[in-house]
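Examining the three-dimensional arrangement
Chain residues, written in single-letter form:
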Amino acid sequence: MKRIVAIAAAAMLLAAGMGGCLSGAQGRVKPGKYEASSQGISSMVKVEVTVDAKGRIAEVAVDAAGETNGIGQVAAPQVAKAIVESQSLKVDAVSGATKTSSAILAAAGKALAAAGFDVGTLEGRKAAQAVDEEVTVDVGIVGAGAAGTMAAAAASETGAKVLIVERTNGIGGVSKAWAGGPFAVESSLQKKAGYDIKKEAVLQRVLDYSHYIAYAPLAKAIIYKSGSTIDWLGGYGVYFHANPESPQLAHRDDPMKWQLYCWYDQFGKDVAALDIVHAKLKERGVALRLQTTATDLIQDKDGAVTGFIASKADGGKLTVHAKSVVLATGGFANNKAMMAENFHTEKITGFGENYGDGARMAWKAGAARWDLQSSLLHGSGIVAGSKPGKVALSMSPFNQITRSPLMWVDLSGNRFCNEDAVYDTAYTANVGYSVGGSYYILVDRATLDDYTKGSRITMDPAVGGPNMAKADFIALAEDGVEQGCIAKGASLAELARQTGMDPARLEANVKEYNEAVAAKRDPYGKQAASLIYPVVEGPFYAVKMQISTLGTLGGVRVNERLEATDASLRPIPGLYVAGGDAGGFYGNTTTYPPYEGLATGFALNSGRIAGESAAERARGK
Ligand SMILES: Cc1cc2nc3c(=O)[nH]c(=O)nc-3n(C[C@H](O)[C@H](O)[C@H](O)COP(=O)(O)OP(=O)(O)OC[C@H]3O[C@@H](n4cnc5c(N)ncnc54)[C@H](O)[C@@H]3O)c2cc1C
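Reference entry: report on the structure contained in this document. (Residues numbered from 1 in each chain as written. Predicted model: local features only at pLDDT ≥ 70, side-chain atom pairs only at ≥ 80, totals over all residues. Heavy atoms only, no water.)

1. Quick notes on the packing of helix α17 (residues 492–499) against helix α18 (residues 503–519)
Relative placement of two packed helices is described by the angle separating their axes and the distance separating the axes. One way to put it is that α17 packs onto α18 with a least axis distance of 9 Å and a crossing angle of 130 degrees. In this view, α17 runs oblique relative to α18, as classed from their interaxial angle. In this structure, the crossing between α17 and α18 has a hand that is right-handed. Contacts between α17 and α18 involve Leu492, Ala493 and Ala496 from the former and Pro503, Leu506, Glu507 and Val510 from the latter. (Axes fitted to C-alpha atoms, helices over the stretch in contact; angles between N-to-C directions. Helix = DSSP H or I, 4+ residues; strand = E, 2+ residues; numbered from the N terminus. Parallel < 35°, antiparallel > 145°, perpendicular 65-115°, else oblique. Left-handed = near helix turned anticlockwise from the far one by under 90°. Contact = heavy atoms within 4.5 Å.)

In structure tokens form, the structure reads like this:
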């Protein structure tokens, strides 16, 4: 197994404690090494489990090299570690990498069954001992992502007694490992880098982008706070560096789009920025309850929020009485019904464990629905095939195709945009959204042959850039055909039949596109340098793409203090909402202004302000 992550039990107290119990309960278990595999998001994930002489799970080695770089591959060691630590398969999927996590658990289950374990017991299908509890705090916070963590930091600084509940078994949500950093305006960092963009100008851009539907007092509060938040987090040991240049080609001529971005120095490291803050919060006495899911708010007879109810991992109920409550559950990108209702398509890939709980609880308490159609539409990827193949196409050199401005057609066979949109990750997703979230990249044999030799076209360099290794692109495309994520036809008519496109529409669009390539003049305005590859020589290939969202950006109406409000902006006493649950900053624009770091910046600053406001109320002000 290459690129294996292996987690051993040796020094794990918890595992040692449970090991005896397991070997007793699982008398048929035979020591040894057991291998099994299961289909992940883009590859077969292989797991090798080592069972020791005492019948304990001593080691779990995972080969997830074919899974998504930075997502599934990052999740693999976490799931392996959790299996060894808990000596069970009752392990939460890693937020945003649920398919890879499930594949690891399924493969580990098969391997452990072969070793003689009762998989049902390992999966914890036996009832646990449920215990109900009741606690009283000043500020109760739901969600331990960026927004919830900042709220806890700001509130606890005032001496408030703070409790955070978090549904997963780890802190951080989507904020922890994936986001590179926040935007900030007029911070000490930007000043040191010589970047001179003013708060008023940024506020004006955000308002312009939304046609003035963004709620200006909220946008002003966030933008004006953002510079100081960089130094404030320095006080917690979280440091940043300025963006030296735009990673996105389309942003290069617009400094506001990239000079505001601040990278976490911790980005990509084992200990994330939010881990550092949580360590400080623990020292300060902030309570954190993992695997605890808030379900309902508690209100007094006047409608003021006075706490919430949460369900615990043991099945028991936690009742939290609090003077203020902050909801920071990260939006609803993984709530299929809410996504379909607000974005009118199921063809958007989401991340995280964000199911709209915060919005649902706030609405029930009287808060207004707001900004439900703002989303971080961001990038697109090859749709996972139905069968395993030899290669994970999205990470192979084939991703040069997806990062090039080739010919794109919708599911009916119609070309629909200037494909130079590929140079802006947000706009790539936006044009995909304009046709329902899914589309095809169309290439012919000659184009693939040229990529095999080394294409001259400029590719999108963002997020690490394409895999520029030499490869046989016909062989890669054929593997995609095998996997079921690329369609192939000897003629355009046959390709249309394979994909359900209208053959006449496809042929007419290809003809028009080929004329544009020949004339170096495109009705959609694509630059001449991108008009290189006509679609003429069969076989023809259609690569199926689907857009993704990094999260939703609204749900609950809030004011500039991050108080939840009704439709007339009257606050719901005691209730604060931050991060992906809070609406108004983006202005119901379906997509978001593509200034780098805008969403993390909103999560950090809205959380910080919500924590300050919540603590102020708790102090009786
Ligand atoms: C791959 C990726 C890359 C990104 N890159 C960037 C970037 O570079 N720049 C940028 O600006 N933005 C980026 N974003 C977006 C940004 O990370 C998010 O907008 C932001 O982190 C959201 O923070 P949050 O605190 O609102 O949500 P989250 O971080 O998701 O936190 C919400 C937390 O609430 C918990 N929770 C949910 N329901 C409950 C419940 N009922 N009870 C208890 N807990 C609950 C969740 O488990 C989670 O831990 C990226 C997002 C992704 C997915």
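2. What about the packing of helix α5 (residues 146–157) against helix α19 (residues 598–618)?
At a closest axis distance of 7 Å, the pairing of α5 and α19 adopts a crossing angle of 40 degrees. Here the hand of the crossing between α5 and α19 comes out right-handed. Where α5 approaches α19, its residues Ala146, Ala147, Met150, Ala151, Ala154 and Ala155 are matched on the opposing element by Ala603, Leu604, Gly607, Arg608, Gly611, Glu612 and Ala615. Considering only residue class, the contact of α5 with α19 consists of 9 nonpolar, 2 polar and 2 charged. (Nonpolar A, V, L, I, M, F, W, Y, C, P; charged D, E, K, R; others polar.)

3. Comments concerning the packing of aromatic side chains
Applying the stated criterion across every chain yields a total of 16 aromatic pairs. With centroids separated by 6.4 Å and ring planes inclined at 80 degrees, the aromatic side chains of Phe343 and Tyr433 adopt a geometry described as edge-to-face. Residue Phe343 is located in helix α11 (residues 336–343), and its partner Tyr433 is located in helix α14 (residues 425–434); the two are separated by 90 residues in the primary sequence. Using a relative accessible area of 1% as the deciding quantity, one classes Phe343 as buried. (Phe/Tyr/Trp six-rings, centres within 6.5 Å; stacked < 30°, edge-to-face > 60°. Buried < 20%, exposed > 50% of the residue type's maximum accessible area, 1.4 Å probe, protein only.)

4. Details of α17
Note: α-helices contain 3.6 residues per turn, so residues at a spacing of three or four share the same orientation. Here α17 has its buried residues at Leu492, Leu495, Ala496 and Thr499. Burial along α17 is one-sided: seen end-on, the buried residues are contained in an arc of 100 degrees. In the stretch just after α17, Gly500 is the one whose phi turns positive, near 80 degrees. (Arc of directions from axis to C-beta.)

5. Quick word on the side chain of Asp479
Relative to the helices and strands, Asp479 resides in helix α16 (residues 473–483). Here Asp479 sits buried without a salt bridge, and the closest side chain of opposite charge, Lys390, lies 4.1 Å off (N-O distance). Ignoring any residue separated from it by four or fewer positions in sequence, one finds Asp479 in contact with Gly389, Lys390 and Val391. (Lys, Arg positive; Asp, Glu negative; His and termini not counted. Salt bridge = Lys/Arg side-chain N within 4 Å of Asp/Glu carboxyl O.)

6. What to know about the pattern of salt bridges
By the definition in use, this model includes 25 salt bridges. Of the charged contacts in the structure, one is a salt bridge between Lys198 and Asp196, with a shortest N-O distance of 2.6 Å. Relative accessible area serves as the criterion here: at 40%, Lys198 is assigned to the partly exposed category. Several salt bridges share partner residues, and in doing so they unite Glu133, Arg289, Lys312 and Asp314 into one network.

7. Some points on the site of the ligand
As a structural note, the neighbourhood of the ligand is formed by 38 residues, with Glu166, Ser175, Asp357, Gly580 and Thr600 the closest of them. Burial of the ligand by the protein chains amounts to 93% of its free accessible area of 1,000 Å². Sorting the residues of the shell around the ligand by element identifies α5, β10 (292–299) and α19 as the ones contributing at least two each. Here the shell around the ligand takes 4 residues from α19, the largest share from any one element. For the shell around the ligand, the class distribution of residues is 17 nonpolar, 17 polar and 4 charged. (Near = heavy atom within 4 Å. Areas by Shrake-Rupley, 256 points an atom, 1.4 Å probe, with all protein chains shown as cover.)

8. Digging into the pairing of strand β17 (residues 438–444)
Two faces belong to every sheet, and in a regular strand the side chains alternate between them. The buried count for β17 comes to 7 of 7 residues, which makes it a mostly enclosed element. Where burial is concerned, the two faces of β17 agree: the one with Ser438, Tyr440, Leu442 and Asp444 and the one with Tyr439, Ile441 and Val443 are both buried. With 3 bridges connecting them, strand β16 (residues 407–409) and β17 associate as antiparallel partners. From the neighbouring strand, Trp408 faces β17, where its bridge partner is Ile441. Sheet analysis places β17 next to strand β19 (residues 540–552), joined by 7 bridges and oriented antiparallel. From the neighbouring strand, Tyr440 faces β19, where its bridge partner is Lys544. (Pairing = 2+ DSSP bridges.)

9. Here's the deal with α16
Buried residues of α16: Phe473, Ile474, Leu476, Ala477, Asp479, Gly480 and Gln483, and no others. Where α16 is buried, its residues touch α13 (399–402), α15 (445–453), β18 (486–489) and β19. Two or three places before Ile474, at the start of α16, stands the capping residue Asp472, its side-chain oxygen 3.0 Å from that residue's backbone nitrogen. Directly beyond the C-terminal end of α16, a positive phi value near 90 degrees is found at Gly484. (Polar contact = N/O pair within 3.5 Å; in protein donor to acceptor, adjacent residues only side chain to side chain.)

From the geometry alone we can't say anything about function, so treat these as descriptive.
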